[in-house]
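Descriptive structure summary
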Amino acid sequence: MRVLGFDTSNYTTSVASFDGVNGNNVSRLLDVEQGSLGLRQSDALFAHVKRLPELTDRLFSDIGAGQIVAIGASTRPRAVDGSYMPCFLAGHSQASVLASALGVPLFAFSHQQGHIAASLFSSEHMELMDEPHLAWHLSGGTTELLYVTPEGVSVHAERIGGTTDISAGQLIDRTGKLLGLSFPSGKEIDRLSREATDKSVFRVKVHDTEFSLSGVQNKVEQYHKGVPAETAGYALRCLIGAIVEATQNALEKYRCKVVFAGGVASNSLLREKCGKLPCIFCPPQFATDNALGTAVLTWRAYHAAGL
């Protein structure tokens, strides 16, 4: 018995299966033209539609139709009013058709809820699905510090901090463009930063749990000396310093564990700098966009419904 999950974010097509113990996530980044900082929503939607048959074929290679008892999909970025992004229509529509064809229930979740569930499952901290905790959602489009509380089979995430302008992922990708790297630049920026020897940093002003990163981008451009490793290291030190300080401030009020989700959460320097805090990091492959979290939530919803 298995459930399926679909997630079609702005840059990654993902499908996953889950049997209550083990999960299999199949995903692939969308193609982005060299020198570009992303895709238009219409292009991302079209790319997902083309990519989904290939990924579902790979996922279904060892799954019989009779094993599938429910299907879930990410239908919007966040579980709040007005949250909408066309690219999620690709995964939601395919999940809807498949659920109708198989005669199984369809469950809808947000992309952000899926991120949190994937991080908790893959880090072996599913108990936090039923306990209040903090979560960072760090990605190309989002840098939010959340207070997370149980809500049925899923979670309610209230924004309590984060950036007031550009996201952590945008800062990293703009640094990558400055260095002539391909998009997305996170993995290469991480690798380069480990070769940096300079320790200088621009201290971002953190107001309680909020901060601005647009000024950091200007500082990175001014700092850039033609040495990619040093520029990468400088950008990450500035960014991570703000995240760590905001986390410390939040922990003074919310004395609980902090879960990190989203592609930027796979950064090795971030994990190192949070080492003395009660932080939970999942394996890097489940920090980035994936459908496993949606499948985990679908499994919980299916059993909660007594189906």
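Before any of the text, the structure's been laid out above.
What this report covers is the structure whose coordinates are included nearby. Since we're looking at a predicted model, the values are computed, not measured.

**Some thoughts on helix H7 (residues 228-253)**
- Helix length check: H7 (26 residues) gives 39 Å between terminal C-alpha atoms against 38 Å at 1.5 Å per residue, within 8%.
- In terms of residue burial, H7 counts as a mostly covered element, since 20 of its 26 residues are buried.

**Structural notes on the packing of aromatic side chains**
- Taken as a whole and assessed by the stated rule, the structure comprises seven aromatic pairs.
- Arranged with centres 5.9 Å apart and planes meeting at 85°, the rings of Phe18 and Trp299 form a pair that is edge-to-face. Of this pair, Phe18 sits in strand E2 (residues 12-18) while Trp299 sits in helix H9 (residues 292-304), and the two are 281 residues apart along the sequence.
- Residues Tyr223 and Tyr234 carry aromatic rings whose centres are separated by 4.1 Å and whose planes lie at 0° to one another, so their mutual orientation is stacked. With Tyr223 in helix H6 (residues 214-223) and Tyr234 in helix H7, this residue pair connects regions lying 11 residues apart in the sequence. An identical accessibility class is assigned to Tyr223 and Tyr234; each is buried.

**Quick word on the sheet that holds strand E10 (residues 210-211)**
- Taken in spatial order, the seven strands of this open sheet run E9-E10-E8-E7-E6-E11-E12, and their pairing is mixed. The two strands at the open ends of the sheet, each matched to only one other strand, are strand E9 (206-207) and strand E12 (279-281).
- In terms of strand pairing, strand E6 (residues 133-138) meets strand E7 (residues 143-151) through six bridges, oriented antiparallel. Paired with His137 across the bridge in E7 is Glu144.
- Taken strand by strand, H7 contacts E6, E7, E9, E10 and strand E11 (258-261), and its axis lies near 160° from that of E6.

**Description of the packing of helix H1 (residues 41-60) against helix H2 (residues 88-102)**
- Running from N to C, H1 and H2 point in directions that differ by 45°, and their axes come no closer than 9 Å. Considering the angle they form, H1 stands oblique to H2. Handedness of the crossing formed by H1 with H2: right-handed. Of the residues in H2, those touching H1 at Leu45, His48, Val49, Leu52, Thr56 and Phe60 are Leu89, Ala90, Gly91, Gln94 and Leu98.
- Classifying every residue of the contact of H1 with H2 by side-chain character gives seven nonpolar, four polar and no charged.

**Topic: the pattern of salt bridges**
- The full count for this structure, using the stated rule, is 12 salt bridges.
- In this structure, the salt-bridge partner of Arg51 is Asp31, at a minimum N-O distance of 3.7 Å. Pair noted here: Arg51 is in helix H1 and Asp31 is in the loop between strand E3 (23-29) and H1, with a separation of 20 residues, a long-range link.
- Ionic pairing is found between Arg300 and Asp130, a salt bridge with its closest N-O pair at 3.4 Å. With Arg300 in helix H9 and Asp130 in the loop between helix H3 (111-122) and E6, this residue pair connects regions lying 170 residues apart in the sequence.
- Since its relative accessible area comes to 21%, Arg300 is described here as partly exposed.

What counts as what
- Residue positions are counted from 1 within each chain, in the order its sequence is given.
- Selection of residues for local features in this predicted model requires a pLDDT of at least 70, selection of side-chain atom pairs for listing and counting requires 80 or more, and totals for whole chains, interfaces and linings are taken over all residues.
- Computation of side-chain values covers all heavy atoms of the structure but excludes hydrogens and water.
- Comment: elements are numbered from the N terminus, with helices defined as DSSP H or I runs of at least four residues and strands as E runs of at least two.
- What a helix is expected to span follows from its residue count: subtract one and scale by 1.5 Å.
- Each residue is assigned to one of three classes by its accessible area relative to the maximum for its type, calculated with a 1.4 Å probe on protein chains only: buried under 20%, partly exposed between the two thresholds, exposed over 50%.
- Between the rings of Phe, Tyr and Trp (Trp by its six-membered ring), a pair exists once the centres lie within 6.5 Å; its type follows the angle of the planes, with under 30 degrees stacked, over 60 edge-to-face, and the other angles tilted.
- If DSSP finds at least two bridges between two strands, the strands pair.
- Two residues form a contact once any of their heavy atoms are found within 4.5 Å.
- Fitted lines through C-alpha atoms give the axes, limited to the stretch in contact for helices. The angle between two N-to-C directions lies from 0 to 180 degrees.
- Under this scheme an angle from 65 to 115 degrees is roughly perpendicular, one under 35 degrees roughly parallel, and one over 145 degrees roughly antiparallel; angles in between are oblique.
- When the near helix sits turned anticlockwise from the far one by under a right angle, the crossing is termed left-handed; a clockwise turn instead gives a right-handed crossing.
- Under the grouping applied here, Gly and all other residues not named as nonpolar or charged are polar, the nonpolar ones being Ala, Val, Leu, Ile, Met, Phe, Trp, Tyr, Cys and Pro and the charged ones Asp, Glu, Lys and Arg.
- Should a side-chain nitrogen of Lys or Arg be within 4 Å of a carboxyl oxygen of Asp or Glu, the pair is scored as a salt bridge.

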